[in-house]
Amino acid sequence: MFGLEKPAGQQKPGRSGGVPNMASVGDFNVLSSSIPATKVELSVSCRNLLDRDTFSKSDPICVLYTQAIGNKEWREFGRTEVIDNTLNPDFVRKFIMDYFFEERENLRFDFYDVDSKSPNLSKHDFLGQMFCTLGEIVGSQGSRLEKSIVGIPGKKCGTVIVTAEELGCCRDSVLMQFCANKLDKKDFFGKSDPFLVFHRSNEDGSFTICHKTEVIKNTLNPVWQAFKISVRALCNGDYDRTIKVEVYDWDRDGSHDFIGEFTTSYRELSRGQSQFNVYEVINPKKKGKKKKYVNSGTVTLLSFLIETEVSFLDYIKGGTQINFTVAIDFTASNGNPSQPTSLHYMNPYQLNAYGMALKAVGEIIQDYDSDKMFPALGFGARLPPDGRVSHEFALNGNPQNPYCHGIDGVMEAYYRSLKSVQLYGPTNFAPVINHVARYAASVKDGSQYFVLLIITDGVISDMAQTKESIVNVS
């Protein structure tokens, strides 16, 4: 649901962070897993580029630009290598980008024939360019987009093929469970209150904490609950990297007593429950002092289960179709469309608030809808000719076929209905939710994903029915 307020809301700040000037496979940093994004790798090939050299063929390079969210300026993201003497290059160097489904990421690919060692692009011959969005590439069949290169009037500049591949860098998670036996007794009156702390090793030999279990009170033979952790967090995707596990006795004041530690690796743990995964807990201080010291107990791996996290891209690649429906609030609380204070103001020079919301969300969604046909509905208005109130009417005036072509078609139908209907009320959501639910319910095999965008200015009149509709559709 997209809510509109009369005062213009603040614009969401763009993602911060500098843009690297060169992109290569080595730039990929699996540690930056805190960003809620998927990493995609773009591969670029061209066919039939212009030939700018007299005695040999062009020596092409591809330069990728991304567009800043605020001021729309193009910034260089990276360059491929130069390939000598070819009009059909398959560039080896990839561009690795963060892919955010919910954002429109505009891209520009420029091609040059490199004539010297100079990094200054104006010193080289321009071969053309191609504009697209990251969503367009990902949403194409097989995530492979083929488009004409343009930019030199009167010339055929060839075609570019861009393929996106999700970097499946350890999208696996593991579900593990441990127990311990005969741990050292650390408490004066009771037994120990043990818990485990997991650390992954870093390239420089230091350790980073990645998981803590719960505390089990008053036992030397605890069985901890199973826990889930991503492979990325556990070992950064390196199956042989050391994982250090420390065993502590919990104290209320935070000065937990160290019982001992052991090391393992993802590869060892992945063997599952076996004699290899029973670990002696060693306390180095005790070992140094006592000649007869054996260990401070043992920790045993009880279970190890790998789960692959399925991403949004997996569904898109698997052929999931997105069906996008938009429903617009035509209630009188929006204000008279002929007045500048109205959210539906028919301004001949710029989009009104509803138009802006429609465009912002719709342009992103349309990259994932193969036929680009969107049902567009309105609610809360009196319709011609008899003035009946409707909470579910087709913006294009055709209830049998409420589909509009592309977001531009939706915009056109929206502005047309503004001129013919009378803004009224109340603000009922349930009818449009049930409308989309009827379509969604008819697709039983999960091959389609239905999105309903409701753009409204506020208070819901049928809250109880709306809640009921949402529960039923889910």
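These numbers come from a predicted model, not from an experiment.

**A word on the environment of leucine 50**
Inspection of the secondary structure puts leucine 50 in the loop between strand E2 (38-47) and strand E3 (60-67). Distance from leucine 50 to threonine 208, taken between C-alpha atoms, is 52 Å for residues 158 residues apart in sequence. Apart from the residues within four sequence positions on either side, leucine 50 is in contact with Ser58, Leu87, Leu127, Ile152, Lys155, Lys156 and Cys157.

**Describing the sheet that holds strand E16 (residues 278-280)**
Taking strand neighbours across the sheet as the criterion, the four strands line up as E13-E10-E17-E16 in an open arrangement whose pairing is antiparallel. Every other strand in the sheet has two partners, leaving strand E13 (227-230) and E16 as the edge strands with one partner each. If you compare each strand with its neighbour and ignore which way they point, the axes differ by 35 degrees on average. Examined bridge by bridge, strand E10 (residues 172-181) and strand E17 (residues 298-308) share ten bridges and lie antiparallel to one another. Looking at E17, one finds that aspartate 172 is bridged to threonine 308.

**Notes on the pattern of salt bridges**
Inspection of the entire model under this criterion finds 16 salt bridges. One salt bridge in this structure joins aspartate 110 and arginine 108, with 2.8 Å as the shortest N-O distance. Looking at aspartate 110, the relative accessible area reads 2%, which means it is buried. What makes arginine 108 buried here is its relative accessible area of 15%. In this structure, arginine 267 engages aspartate 240 in a salt bridge whose closest nitrogen and oxygen atoms are separated by 2.7 Å. Placement of the pair is arginine 267 in helix H3 (residues 266-269) and aspartate 240 in the loop between helix H2 (231-235) and strand E14 (242-249), with a sequence separation of 27 residues. For arginine 267, a relative accessible area of 44% corresponds to the partly exposed category. Via salt bridges that share partners, Arg104, Lys359, Glu363 and Asp408 belong to a single interconnected network.

**Examining the side chain of asparagine 277**
Following the sequence through the fold, asparagine 277 ends up in the loop between H3 and E16. Within polar-contact distance, the side chain of asparagine 277 engages the backbone oxygen of glycine 272 at 2.7 Å. Engagement of the side chain of asparagine 277 in a polar contact is seen with the side chain of tyrosine 279, the distance being 2.5 Å. With residues up to four places along the chain from it excluded, the contact list for asparagine 277 reads Glu268, Leu269, Arg271, Gly272, Val299, Thr300 and Leu301.

**Observations concerning the nonpolar core**
Residues Leu42, Leu107, Phe109, Phe111, Ile137 and Phe330 are the most contacted members of the largest nonpolar core, which totals 60 residues. For this core, the element with the most residues is helix H7 (residues 406-420), which contributes six residues. Among all residues touching phenylalanine 109, those that are not within four sequence positions of it are Leu42, Val44, Cys62, Val63, Leu64, Phe95, Gly128, Gln129, Met130, Cys132, Ile137 and Val162. The next biggest cluster of nonpolar side chains, apart from the first, holds 30 residues, and it includes Leu183, Tyr266, Val299 and Leu301.

**Looking at the packing of aromatic side chains**
Counting across every chain of the model gives 19 aromatic pairs. For the ring pair phenylalanine 178 and phenylalanine 227, a centre distance of 6.5 Å and an interplane angle of 20 degrees mean the geometry is stacked. Of the two residues, phenylalanine 178 sits in strand E10 while phenylalanine 227 sits in strand E13, which places them 49 residues apart along the sequence. Of the two residues, phenylalanine 178 and phenylalanine 227, both sit in the buried class. Joined through ring pairs, the aromatic side chains of Phe330, Tyr354, Phe393, Tyr414 and Tyr415 make up one cluster. Across from the ring centre of tyrosine 424, 4.5 Å away, lies the NZ or CZ of arginine 382, which sits over that ring.

**What to know about the packing of helix H6 (residues 353-365) against H7**
Packing of H6 against H7 brings their axes to within 10 Å, and their N-to-C directions diverge by 160 degrees. The orientation of H6 with respect to H7, classified from their angle, is roughly antiparallel. Regarding H6 and H7, the two cross each other, and that crossing is right-handed. Side by side, H6 and H7 meet where Tyr354, Gly355, Leu358, Lys359, Gly362 and Glu363 of the first sit next to Ile407, Asp408, Val410, Met411, Tyr414 and Tyr415 of the second. Taken together, the residues that form the contact of H6 with H7 break down as seven nonpolar, two polar and three charged.

About the criteria used
- The residue numbering used here restarts from 1 in each chain and proceeds along that chain's sequence as written.
- Local features are withheld for residues below a pLDDT of 70 in this predicted model, meaning they are given only at 70 or higher, and side-chain atom pairs are given and counted only at 80 or more; totals for whole chains, interfaces and linings count all residues.
- For the side-chain quantities, the full set of heavy atoms in the structure was used; hydrogens and water were omitted.
- Strands here are runs of E lasting at least two residues and helices are runs of H or I lasting at least four, both read from the DSSP assignment and numbered beginning at the N terminus.
- When checking whether two residues touch, look at their non-hydrogen atoms; a contact exists if any pair is within 4.5 Å.
- The rule for pairing is simple: two strands pair if DSSP sees at least two bridges between them.
- Whenever a helix is involved, its axis is fitted only over the stretch in contact; in every case the axis is a line through C-alpha atoms, and angles between N-to-C directions fall within 0 to 180 degrees.
- Definition used for salt bridges: Asp or Glu carboxyl oxygen within 4 Å of a side-chain nitrogen of Lys or Arg.
- Note on exposure labels: buried denotes an accessible area under 20% of the residue type's maximum, exposed denotes more than 50%, and partly exposed covers the range between, all computed with a 1.4 Å probe on protein chains only.
- Polar contact criterion, stated in full: a pair of N or O atoms within 3.5 Å, where within protein one must be able to donate a hydrogen and the other to accept it, and residues adjacent in sequence count only if both atoms are side-chain atoms.
- Residue types Ala, Val, Leu, Ile, Met, Phe, Trp, Tyr and Cys, when buried and joined through side-chain atoms within 4.5 Å, form a set referred to as a nonpolar core.
- In this analysis, rings of Phe, Tyr and Trp, with Trp reduced to its six-membered ring, are considered paired at centre separations within 6.5 Å, and the interplanar angle assigns stacked below 30 degrees, edge-to-face beyond 60, and tilted for intermediate values.
- In this analysis the charged atom, NZ for Lys or CZ for Arg, is taken to sit over a ring once it is within 6 Å of the ring centre and within 35 degrees of the ring normal.
- Small angles under 35 degrees read as roughly parallel and large ones over 145 as roughly antiparallel, with 65 to 115 read as roughly perpendicular and the rest as oblique.
- With the far helix as reference, a near helix turned anticlockwise by less than a right angle produces a left-handed crossing, and one turned clockwise produces a right-handed crossing.
- Gly falls in the polar group here, along with every residue not listed as nonpolar (Ala, Val, Leu, Ile, Met, Phe, Trp, Tyr, Cys, Pro) or charged (Asp, Glu, Lys, Arg).

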